Amino acid sequence: MNFQNTREFAQSLDAQDQLKKYQSEFEFPKVNGKKTIYFTGNSLGLMPKRAKKYVEDVMNDWANMAVEGHFYAEKPWWDYHERFSNPLSKIVGAKPSEVSVMNTLTVNLHMMMVSFYNPTSTRFKIICEEKAFPSDQYMFQTQVKFHGLDPKDVIVEVKRREGEHNLRNEDIIAKINQVGDQLALVLIGGINYYTGQVLDMENITKAGHVVGAKVGWDLAHAAGNIELKLHDWQVDFACWCSYKYMNAGPGSVSGYFVHEKHHTNKNLNRFGGWYGHNKERRFLMEPEYTPNEGALGWQSSCTGVLAMAPYLASVEMFDEIGMEALVEKRNLITAYLEFIVEETAKETRTNLEIITPKNQAERGSQLSVILHGEGKELFHYLMKQGVVTDWREPAVIRLAPVPLYTTFEEMYDFGQILKTGIQTT
């Protein structure tokens, strides 16, 4: 498509947008009394208006039924989490029996490592990416120490080549082959939080399995953003948060995937608990732990219904739309934003370097832009003008045009605000 940097052109794209009605489904923060241009859905998604009703439903049931709400609420609390299996399976490319929700992201990654990281004297190493999200790094370090090992001997980071911003998939696969028989686990972020790069999860997973390792993925920035096929790719496990592209609210409950090939493996370690025990026998108070079938067998504590309610509102919206339609708009609006940034750079003779890959298959709803020659003052200017974006040291802003609630005209407006900011700060 031949893009144009005009309001009329942006409005024409909005007129053709099949998802435009969903913008009215969200609450937007305001700056100076005006709705913001919200670019931080990759950090915290906006609140779906229907989420408030879902929370209020739980509160009303609590008020009116108290303990009886576990069984007699419109959506009974004791199996509330089971309502996620069908919609989440479509979002991440899984079977309904392979997915559920519980805890939060890093807790779930720890829980999965109990099952899938069992080091031996000969097979004990973990491959991750250089500068993984800090929470993942801390998880690796503490898990390794729990097993009595030294992180320096265990954790192998795949590094970017000198002068390059993004990892090369072939370098990850080469590192997997190099570590070989010593490799116990590959656990990487499916999308790099800093650059927005999407990795080749299918072939990296294959490479890990060839050398005998387990392969898991942190999908914090991927779930609800890109097309995933976790079952077909034979991924062993994956976890994701729900508060970024999934719009479930701050710190909301996390989703997780366990491939069905592991469901009947009684030799896998797992940290059991009340909600992981056989649902049909849960109230018999039996002393012996017998896990539920499927991913539900990895549950532990009672799941927070109030935390799940906004997430359920969101996944039902995803189910209405489908990932295919979301990806189609995502590709178009991200490409249009890329065009706007490049045009603004030309008009202002400024070096605005987009470090996110240009190939649509290697990116989602994010462009990371280095503001060469521009200080943090430009970021502050954008924020004061109602452009809610994200700053990462030393000079990167992350822009995430979320297809559910971002318009093409907002991309045009952002370009005009960015142009003025460059010229005046």
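Residues numbered from 1 in each chain as written. Predicted model: local features only at pLDDT ≥ 70, side-chain atom pairs only at ≥ 80, totals over all residues. Heavy atoms only, no water.

Asker: Where do I start with the pattern of salt bridges in this structure?
Answerer: It is possible for side chains of opposite charge to pair when their charged atoms get near one another. All chains considered together, the criterion is met by 28 salt bridges. Note that Arg363 is salt-bridged to Glu338, the shortest N-O span being 3.2 Å. Remark: Glu338 occurs in helix α11 (residues 323–348) and Arg363 occurs in the loop between β13 (352–354) and β14 (367–371); sequence separation between them is 25 residues. Of the charged contacts in the structure, one is a salt bridge between Lys419 and Glu347, with a shortest N-O distance of 3.1 Å. Here Glu347 lies in helix α11 and Lys419 lies in helix α13 (residues 408–424), a separation of 72 residues in the sequence. Residue Glu347 is classed as partly exposed on the basis of its relative accessible area of 39%. Several salt bridges converge on common partners, so that one network encompasses Asp79, Glu82, Arg83 and Lys279. (Salt bridge = Lys/Arg side-chain N within 4 Å of Asp/Glu carboxyl O. Helix = DSSP H or I, 4+ residues; strand = E, 2+ residues; numbered from the N terminus. Buried < 20%, exposed > 50% of the residue type's maximum accessible area, 1.4 Å probe, protein only.)

Asker: Mind showing me how you'd approach the sheet that holds β13 here?
Answerer: As summarised here, the arrangement of the four strands in space is β13-β14-β17-β16, forming an open sheet in which the pairing is antiparallel. Two strands close off the open sheet at either side, each with one partner strand: β13 and β16 (390–392). Within this sheet the neighbouring strands show an average axis-to-axis angle of 30°, counted without direction. Looking at chain direction, β16 and strand β17 (residues 396–399) are connected through three bridges and run antiparallel. Looking across to β17, one finds that Asp390 is bridged to Arg398. Taken strand by strand, helix α12 (residues 376–384) contacts β14, β16 and β17, and its axis lies near 165° from that of β16. (Pairing = 2+ DSSP bridges. Axes fitted to C-alpha atoms, helices over the stretch in contact; angles between N-to-C directions. Contact = heavy atoms within 4.5 Å.)

Asker: Is there a simple way to explain the UniProt feature "binding site: pyridoxal 5'-phosphate" (unreviewed entry) in the protein in this structure?
Answerer: Those places that UniProt annotates as "binding site: pyridoxal 5'-phosphate" (unreviewed entry) correspond, in this numbering, to Leu105, Thr106, Phe133, Pro134, Ser135, Asp136, Asp218, His221, Tyr243 and Trp274. Taken along the chain, the residues just named run across 170 residues; in space they spread out, the farthest C-alpha pair reaching 31.1 Å. Its location among the elements puts Leu105 in helix α5 (residues 105–116). When neighbours within four sequence positions are excluded, Leu105 is seen to be in contact with Asp218, Ala220, Cys239, Trp240, Cys241 and Ser254. On the secondary structure map, Tyr243 appears in the loop between β11 (237–240) and β12 (254–258). (UniProt positions renumbered as here; feature names shortened; annotations may be inferred.)

Asker: Just to check I follow, could you spell out the UniProt feature "modified residue: N6-(pyridoxal phosphate)lysine" (unreviewed entry) in the protein for this structure?
Answerer: According to UniProt, the positions carrying the feature "modified residue: N6-(pyridoxal phosphate)lysine" (unreviewed entry) are Lys244. Once residues lying within four places of it in the same chain are set aside, the contact partners of Lys244 are Gly41, Asn42, Ser43, Leu44, Gly45, Ala220 and His221.

Asker: Would you take a moment to explain helix α1 (residues 7–16) for this structure?
Answerer: Residues separated by three or four positions in an α-helix point in the same direction, a consequence of the helix having 3.6 residues per turn. For α1, every residue scored as buried is listed here: Phe9, Ala10, Leu13 and Asp14. Each buried residue of α1 sits inside an arc of 145° when the element is viewed along its axis, so together they form one side. The exposed set on the far side of α1, more than 90 degrees from its buried face, consists of Glu8, Ala15 and Gln16. Along its buried surface, α1 packs onto α11 and α13. (Arc of directions from axis to C-beta.)

Asker: Help me understand the nonpolar core in this model?
Answerer: Nonpolar side chains in soluble globular proteins generally cluster together in the buried interior. Ranked by internal contacts, the top residues of the largest apolar core, which has 72 residues, are Leu88, Trp217, Leu230, Trp240, Tyr311 and Leu404. Three or more residues apiece are contributed to this core by two domains, here domain 1 (7–47 + 323–423) and domain 2 (53–321). Ignoring any residue separated from it by four or fewer positions in sequence, one finds Leu88 in contact with Val99, Ser100, Val101, Trp240, Met246, Tyr311 and Val315. Listed in part, the 35 residues of the second largest apolar core include Leu352, Leu378, Leu382 and Phe414. (Core = buried A, V, L, I, M, F, W, Y, C linked by side-chain atoms within 4.5 Å. Domains from an automatic or database assignment.)

Asker: Just to check I follow, could you spell out the pairing of β17 for this structure?
Answerer: Consecutive side chains of a regular strand alternate in pointing toward one face of the sheet and then the other. Going residue by residue along β17, you find Val396 and Arg398 tucked away on one face and Ile397 and Leu399 tucked away on the opposite face as well. Examined bridge by bridge, β14 and β17 share four bridges and lie antiparallel to one another. In the sheet register, Ser368 faces β17, and the bridge partner there is Arg398. The loop that links β16 with its antiparallel partner β17 comprises three residues.

Asker: Please explain the domain arrangement of the protein as it appears in this structure.
Answerer: Many authors give the size of an interface as the accessible area that is lost as the parts come together. Partitioning the protein into domains gives domain 1 (7–47 + 323–423) and domain 2 (53–321). Its C-alpha centre places domain 1 at a distance of 29 Å from the equivalent point of domain 2. Counting from both sides, the interface comprises 36 residues of domain 1 and, opposite them, 27 residues of domain 2. For the pair domain 1 and domain 2, the summed buried area comes to about 2,500 Å², and 58% of that belongs to carbon and sulfur atoms. Counting the contacts that link domain 1 with domain 2 gives zero salt bridges. Here domain 1 is connected to domain 2 by 16 residue pairs in polar contact (both at pLDDT 80 or more). Elements represented by at least two residues in the side of domain 1 that touches domain 2 include exactly α11, β14 and β17. (Buried area = accessible area lost by both parts, 1.4 Å probe. Polar contact = N/O pair within 3.5 Å; in protein donor to acceptor, adjacent residues only side chain to side chain.)

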